[in-house]
Amino acid sequence: PQIGGLDSDGNHCSTRLQLWAKETGEDISSKTCFDPAKKREWYDKGVAYWERVEASVNGVLGGYGHVNERDIAASDRFLLDVFNGMSADFSKSKHLVALDCGAGVGRVTRDLLIRHFHEVDLVEPVPHFLDTAKTNLVTPSPGLSLFGRATNFYCKPLQVFNPEEKQYDVIWVQWSKVGLKANGFFVVKENTAKQGFIVDKDDSSITRSDTHFRELFQQAGLYLYKMKLQRGFPKELFPVRMYALTTEPMKRDPIANRTRGQVLNHPRIIS
């Protein structure tokens, strides 16, 4: 079924194609693909919004810096749950490498990922965010207990970033499958709408429903291994869900909330 939604001005879109037509002014009646220049404009508008935001934890969390500790604690538990349920092949990996996508000021890398991985690469399109991340991670605060280190800092938007093949054990929010090692997994942690999608015209962001996310995961050829709802956030915020995704169906999957059918999907690019 087609998934519809709203934008932040209250305009309704019955399909995602209609949304794109409204945002770009394109005639979708005779098109199967869209103008690349229009897509760049859409993404550039989002980057321009964040370039005006303070390079701090409070800035990247939209003034809700006080939820950082609770956010990281829930992510930590989720990551450990997924680790514990993965195959022995994953646990035998001697050198674990993660990719932090949309890394901002390095908040998730510093507070979570370098406590579990030997190396973490960061991808972030906003230059002053990435500069702050480098400062925070290359010369960490005294007394900060680290297991791994931040290795590479890529100042690129995700839609043009192409990771090396089979480079990462975990990709923290990323749509491309090519960079993932065998037995690795993706973690997507995102705001979710009650239904359909909601477009924020200020920062060119889209908040998708759980149903919408699951449809996109299936289109991308990914399998839902585990999903968990973030608890303890302020009530005025969108509900936040954490998804662990694999590129192949798990041989032994004790988790009840996996994708139905377990039919192999053909990989596609999500735009």
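Each chain carries its own residue numbering, running from 1 in the written order of its sequence. Where local features are concerned, this predicted model is filtered to residues with pLDDT of at least 70; where side-chain atom pairs are given and counted, the filter is 80 or more; whole-chain, interface and lining totals use all residues. For the side-chain quantities, the full set of heavy atoms in the structure was used; hydrogens and water were omitted.

S.K.: Would you mind going over the pattern of salt bridges in detail, with residue names and values included?
M.R.: Here the idea is simple: oppositely charged side chains can pair when their charged atoms come close. The working definition used for a salt bridge is a side-chain nitrogen of Lys or Arg within 4 Å of a carboxyl oxygen of Asp or Glu. Within the structure shown, the criterion is met by seven salt bridges. A salt bridge links Lys-189 to Asp-71, with the nearest nitrogen and oxygen atoms 2.6 Å apart. Separated by 118 residues along the polypeptide, Lys-189 in strand 7 (residues 180-193) and Asp-71 in helix 4 (residues 68-85) bring together distant segments of the chain. As far as burial versus exposure is concerned, Lys-189 and Asp-71 are alike and both buried. Lys-228 serves as the salt-bridge partner of Asp-81, at 4.0 Å between the closest nitrogen and oxygen. Of this pair, Asp-81 sits in helix 4 while Lys-228 sits in strand 10 (residues 223-229); the two residues are 147 residues apart in sequence, bridging distant segments of the chain. Secondary structure elements are taken from DSSP: a helix is a run of H or I of four residues or more, a strand is a run of E of two residues or more, and numbering for both begins at the N terminus. Three exposure classes are used, based on accessible area relative to the maximum for each residue type with a 1.4 Å probe and protein chains only: buried under 20%, partly exposed in between, and exposed over 50%.

S.K.: Lay out helix 2 (residues 36-51) with the relevant residues and their values.
M.R.: Expected helix span is computed as 1.5 Å times (number of residues minus one). Counted at 1.5 Å a residue, the expected span for helix 2 with its 16 residues is 22 Å, and the 22 Å between its end C-alpha atoms agrees. Restricting attention to buried positions, one finds in helix 2 the residues Trp-42, Gly-46 and Val-47. Down the axis of helix 2, the buried set is contained in an arc of 130°. They therefore lie on one face. Among the exposed residues of helix 2, those pointing more than 90 degrees away from its buried face are Arg-40 and Glu-41. In this description, one arc is meant: the one made by directions from the helix axis to the C-beta atoms.

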